Amino acid sequence: MRFTTYERLEHASLFVIKKDGRREEFKREKLLRGIQIACEKRPLPGGTPARLADDIEAELYQKGKAEVSSRTIGDVVMAHLKVQDHIAYIRFASVYRDFEDITMLKEEVDNLAGHAVNPPSDQLPLLPMDELPVQPVKITRRARR
């Protein structure tokens, strides 16, 4: 049996300003849990949620402010998830943006799909391949020698 210890740098306190104006101390565990839920059952490398939480936490502290709005945190999480996995992004957005109906969700998916004609090679496309918009390909011929 082997025991390991992981140390983490403890930053000065960061407070989150909630939508209703309340302030509470930033909790990395709460951030990580939201990311884990969004990434659940997605084909992502092991440790992705923890790495994203680390990156987002570092980004928040680098702002150098004692307080940050919950909206700012949500926007940063969404920006990271959008690059990492489109389905995790939509899952998080559906909770964070509090979609009131299916139309709002569809608009977000359509917006994302419109920008994801060629998804990164490590992501599955949002639309089946036969439904993806076709981009014209310019074919140039080389002169024979």
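It should be noted that the structure appears before, not after, this text.
Let me sum up the structure you'll find in this document. Nothing here was measured: the structure is a model prediction, and the numbers come from that model.

All right, on to the packing of aromatic side chains then. Tallied over the full model, the rule gives 2 aromatic pairs. Ring centres of F26 and Y61 lie 6.2 Å apart, and the angle between their planes is 90°; on these two criteria the pair is classed as edge-to-face. In this pair, F26 is assigned in the loop between β2 (23-25) and α1 (28-39) and Y61 in helix α2 (residues 48-62), connecting sequence segments 35 residues apart. According to the relative accessible area criterion, F26 is buried, its value standing at 11%. Summarising the aromatic geometry, the rings of F92 and Y96 are spaced 5.9 Å apart at their centres and angled 25° between planes, so their arrangement reads as stacked. Taken together, the positions of F92 and Y96, both in helix α4 (residues 86-96) and 4 residues apart, correspond to about one turn of that helix. Judged by relative accessible area, F92 falls into the buried class, the value being 16%.

On to helix α3 (residues 70-84), then. In an α-helix there are 3.6 residues to a turn, and that puts residues three or four apart on one side. The first and last C-alpha atoms of α3 sit 21 Å apart over 15 residues, in line with the 21 Å expected at 1.5 Å per residue. Those residues of α3 that fall on the buried side of the exposure criterion are S70, I73, G74, V76, V77, M78, L81 and Q84. The inward-facing, buried residues of α3 contact β1 (15-17), α1, α2, β3 (67-69) and α4.

To continue, consider the pattern of salt bridges. Counted according to the given criterion, the structure contains 11 salt bridges. Here E67 makes a salt bridge to R23, at a shortest N to O gap of 2.6 Å. Residue E67 is located in strand β3, and its partner R23 is located in strand β2; the two are separated by 44 residues in the primary sequence. Taking the relative accessible area as the measure of exposure, E67 reaches 33% and is therefore partly exposed. Close ionic contact of E24 with K30 constitutes a salt bridge, the shortest N to O distance being 3.1 Å. Because the salt bridges share partners, they merge into one network encompassing K18, D20, R22, E24 and K30.

A few words on the sheet that holds β2. What links the strands of a sheet is backbone hydrogen bonding, and the strands pair in either a parallel or an antiparallel sense. Spatially, β2-β1-β3 is the arrangement adopted by the 3 strands of the open sheet, whose pairing is mixed. Edge positions in the open sheet fall to β2 and β3, since each of these has one partner strand only. Neighbour-to-neighbour, the strand axes of this sheet turn through a mean angle of 35°, independent of strand direction. Across 3 bridges, β1 lies against β3 in parallel orientation. Pairing of V16 across the sheet is with V68, part of β3.

Closest axis-to-axis distance for the α3/α4 pair is 8 Å, and the angle between their directions is 160°. With respect to each other, α3 and α4 are oriented roughly antiparallel. Judged by the sense of rotation from one axis to the other, the crossing of α3 with α4 is left-handed. When α3 is examined against α4, the residues S70, R71, G74, D75, V77, M78, L81 and K82 are found in contact with a partner set consisting of H86, A88, Y89, F92, A93 and Y96. Classifying every residue of the contact of α3 with α4 gives 8 nonpolar, 3 polar and 3 charged.

Okay, the nonpolar core next. Membership of the largest hydrophobic core comes to 27 residues, with the highest contact counts inside it found for L31, I35, L60, I73, V77 and L81. For this core, the secondary structure elements donating two or more residues are α1, α2, α3 and α4. Residue contributions to this core peak at 6 residues, all from α4. In contact with I73, not counting residues within four places along its chain, are V16, F26, L31, L60 and V68.

Criteria and thresholds
Residues numbered from 1 in each chain as written. Predicted model: local features only at pLDDT ≥ 70, side-chain atom pairs only at ≥ 80, totals over all residues. Heavy atoms only, no water. Phe/Tyr/Trp six-rings, centres within 6.5 Å; stacked < 30°, edge-to-face > 60°. Helix = DSSP H or I, 4+ residues; strand = E, 2+ residues; numbered from the N terminus. Buried < 20%, exposed > 50% of the residue type's maximum accessible area, 1.4 Å probe, protein only. Expected span 1.5 Å × (residues − 1). Contact = heavy atoms within 4.5 Å. Salt bridge = Lys/Arg side-chain N within 4 Å of Asp/Glu carboxyl O. Pairing = 2+ DSSP bridges. Axes fitted to C-alpha atoms, helices over the stretch in contact; angles between N-to-C directions. Parallel < 35°, antiparallel > 145°, perpendicular 65-115°, else oblique. Left-handed = near helix turned anticlockwise from the far one by under 90°. Nonpolar A, V, L, I, M, F, W, Y, C, P; charged D, E, K, R; others polar. Core = buried A, V, L, I, M, F, W, Y, C linked by side-chain atoms within 4.5 Å.

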